[in-house]
Amino acid sequence: RNMEIPIIELNNGVKMPMVGLGTSKAKKPNELREAVKVAIDAGYRHFDCAWIYGNEKEVGDGIRDKIEDGTVKREDLFIVSKLWRAYSRPELMDECFNESLRRLGVDYFDLYLEHFPNPTMHGGPGVLELIENGKSVEDLSIDYVTVWKNMQKYLESGKARALGVSNFNEFQMSRLLRECDVIPAVNQIESHPYLNNDKLVKLCQSRHIAVVAYCPLGSAERINVSTLGSPLLDDPELNHIALRLGKTPAQVALRFNIQRNILVIPKSVTTSRIKENMDIFDFKLTDDDMKVIYGLNRNRRYLTAHFYNFYAHHKFNPFRYIETREF
Ligand SMILES: NC(=O)c1ccc[n+]([C@@H]2O[C@H](COP(=O)([O-])OP(=O)(O)OC[C@H]3O[C@@H](n4cnc5c(N)ncnc54)[C@H](OP(=O)(O)O)[C@@H]3O)[C@@H](O)[C@H]2O)c1
């Protein structure tokens, strides 16, 4: 059964599929290339990539295979990449942008995001960013608003069909909206039943900024942090609802975002799960289900659990103004 993934229209008219394949952390050689091919065959068209994931070549290989065998054309796909924060300075930006294009084997992005609002110092060739005493070094010579303004050239040149941000908190989003003419099409943030991020979601959606949820399944691979408690997908309420609906807890977690009009980018390299994660449009959570799932919120950030200490000291660390960390 080949399923159609619904699309939403961004604030500049560009159309974006509501489910995309997450690509970070795929480790084995060829694993991601195969996953991308499986995903395209199943009906995925949207791929969430980033320079920092270091695997855009593999995604690109999978995409090229499926274009060459005639399954899809480039214009059927929705390819996202992100400017790494160590390339925030204007003289460095193009290097990051062009390297992502080259690795993915495409000549434009459907959406390009400012990955983080806290620019860091470039660490030299082959280094992700400058690290001193085990900590990431912030670059205060350039501001996230300036970076956003500088990114507009990609829209003008047609090398990006839409531009957005990621990991901007309410304060940063509000400031961006105050100081810029171009409203981002997207803010990509962490969202799942244990961190529903409702205030930030509502702020974005009220300004026609689409919210894309990362770690929508509670990011199982990041969970070996002892303080994080039991995995999201083991949650008894999610399992209870899933059982009643004949769905899986993963599908219920994804559907929770979809019904809030939030796009999801679950990552999987497992064929059955890739299919499962897009099979979420033949059922509906009731208002009561939604209420129960809202009630599960505990502000648990899976992303920061791993990286928080690495950049907690940054002035523009997006997770520090409004952080209510319980772990
Ligand atoms: N903008 C940002 O700063 C940012 C930050 C984090 C993530 N992201 C993006 O968001 C994507 C998703 O986040 P994530 O990868 O951290 O976590 P996630 O999608 O919440 O979880 C992925 C994990 O769940 C497993 N999984 C997938 N489908 C499943 C299912 N149906 N049932 C049970 N387990 C399942 C995967 O295993 P297998 O792969 O082994 O099947 C993998 O271990 C990333 O890949 C990346 O593209 C962006």
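Numbering of residues starts from 1 in every chain and runs along the sequence as written. It should be noted that, the model being predicted, local features are given only for residues of pLDDT at least 70 and side-chain atom pairs only at 80 or more, the latter also being counted only at that level, while totals for whole chains, interfaces and linings use all residues. The side-chain numbers reported here are obtained from all heavy atoms of the structure, hydrogens and water having been left aside.

The name given to the protein chain in an unreviewed UniProt entry is NADP-dependent oxidoreductase domain-containing protein, with Ciona intestinalis as the source organism.

Undergrad: Sorry, what's going on with the site of the ligand here?
TA: Around the ligand sit 33 residues in total, of which D48, L217, S219, S268 and T270 are the nearest. N or O atoms closer than or at 3.5 Å make up a polar contact, with two conditions inside protein: a donor-capable atom paired with an acceptor-capable one, and, for residues adjacent in sequence, both atoms drawn from side chains. Take V269: an N or O atom from its main chain is 3.0 Å from an oxygen atom of the ligand. Contact distances for the ligand include 2.6 Å between an oxygen atom and a side-chain N or O atom of T270. Every accessible area reported is derived by Shrake-Rupley at a probe size of 1.4 Å, with residue values counting cover from the shown protein chains alone. About the coverage of the ligand: the protein hides 92% of its 920 Å² of free accessible area. As a working rule, the residues Ala, Val, Leu, Ile, Met, Phe, Trp, Tyr, Cys and Pro are called nonpolar, Asp, Glu, Lys and Arg charged, and the rest polar, with Gly in that last group. Partitioned by chemical class, the residues of the shell around the ligand number 13 nonpolar, twelve polar and eight charged. Note on terminology: near, applied to a residue and a molecule or strand, indicates that one of the residue's heavy atoms is within 4 Å of it.

Undergrad: In this structure, what is going on with the UniProt feature "binding site: substrate" (unreviewed entry) in the protein chain? I would like to understand it.
TA: UniProt positions are given in the numbering used here, feature names are shortened, and annotations may be inferred rather than shown by experiment. Sites flagged by UniProt as "binding site: substrate" (unreviewed entry) map to H115. Helical segments are the DSSP runs of H or I of at least four residues, strand segments are the runs of E of at least two, and each set is numbered from the N terminus. In this structure, H115 sits in the loop between strand 6 (111-114) and strand 7 (131-132). The contact partners of H115, leaving out residues within four places of it in the chain, are A50, I52, Y53, K82, L83, W84, S166 and N167. In this analysis, two residues are considered to be in contact whenever any of their non-hydrogen atoms come within 4.5 Å of each other.

Undergrad: I keep staring at the pattern of salt bridges and nothing clicks. Help me out?
TA: It is possible for side chains of opposite charge to pair when their charged atoms get near one another. Salt bridge, as applied in this entry: a Lys or Arg side-chain nitrogen positioned within 4 Å of an Asp or Glu carboxyl oxygen. Scanning the model with the defined rule gives 25 salt bridges in all. Put simply, D61 and R33 hold a salt bridge, and the shortest N to O gap is 3.7 Å. Of this pair, D61 sits in helix 2 (residues 56-68) while R33 sits in helix 1 (residues 31-42), and the two are 28 residues apart along the sequence. Note on exposure labels: buried denotes an accessible area under 20% of the residue type's maximum, exposed denotes more than 50%, and partly exposed covers the range between, all computed with a 1.4 Å probe on protein chains only. What makes R33 partly exposed here is its relative accessible area of 21%. Here R161 and D110 are joined by a salt bridge, their closest N and O atoms 2.8 Å apart. In this pair, R161 is assigned in the loop between helix 4 (144-156) and strand 9 (163-166) and D110 in the loop between helix 3 (90-104) and strand 6, connecting sequence segments 51 residues apart. What makes R161 partly exposed here is its relative accessible area of 37%. Judged by relative accessible area, D110 falls into the buried class, the value being 1%. A single network of salt bridges, built from pairs that share partners, joins R33, E34, K37, K57, D61, R64, D65 and E68.

Undergrad: Even after reading the chapter, I still don't get helix 8 (residues 249-258), so can you show me in this structure?
TA: Since the α-helix advances by 3.6 residues per turn, residues separated by three or four positions end up pointing in the same direction. For helix 8, the buried fraction is high: ten of the ten residues fall into the buried class. Burial in helix 8 covers these residues: P249, A250, Q251, V252, A253, L254, R255, F256, N257 and I258. At its buried positions, helix 8 is contacted by strand 11 (210-214), helix 7 (236-245), strand 12 (263-264), helix 9 (271-276) and helix 10 (287-294).

Undergrad: What am I meant to see in the confidence of the model for the protein chain here?
TA: A low pLDDT score tells you not to read the predicted coordinates there in detail. Every residue is assigned a pLDDT by the predictor, reflecting its confidence on a scale from 0 to 100. Residues of the protein chain with pLDDT of at least 70 account for 94%, and the chain-wide mean is 93. In this model residues 322-327 is a low-confidence stretch, pLDDT under 50, and it forms 15 contacts with partners more than four residues away in sequence or in other chains.

Undergrad: Just checking my understanding: could you explain empty space enclosed by the protein for this structure?
TA: Empty space among the atoms becomes apparent when a probe as large as a water molecule is rolled across them. Only protein atoms enter the calculation, which uses a 1 Å grid: trapped sets of points that fit a 1.4 Å probe without letting it out are cavities, open sets showing protein on both sides within 12 Å along at least five of seven lines are pockets, and any residue with an atom within 4 Å of a point is a lining residue. Grid points are joined across faces, edges and corners, and a volume is the space filled by probe spheres set on the points. The full count for this structure, using the stated rule, is one cavity of 30 Å³ or more. A per-class count over the lining of the largest cavity returns seven nonpolar, three polar and two charged.

Undergrad: What's the story with the sheet that holds strand 6 in this structure? I'm lost.
TA: Each strand in a sheet pairs with its neighbour through backbone hydrogen bonds, running either in the same direction (parallel) or in the opposite one (antiparallel). Reading across the sheet, the eight strands line up as 3-4-5-6-9-10-11-12 and stay open at both edges, with parallel pairing between neighbours. Of all the strands in the sheet, the pair left with one neighbour each is strand 3 (20-22) and strand 12. Bridge analysis of strand 5 (residues 78-83) against strand 6 gives four bridges, and the strand direction is parallel. Note on strand 6: the bridge partner recorded for S81 is Y112. For helices, the fitted line uses only the C-alpha atoms of the stretch in contact; every axis is such a line through C-alpha atoms, and the angle between N-to-C directions lies from 0 to 180 degrees. Across the sheet, helix 3 is in contact with strand 5 and strand 6; its angle to strand 5 comes to roughly 145 degrees. What makes two strands pair is DSSP finding at least two bridges between them.

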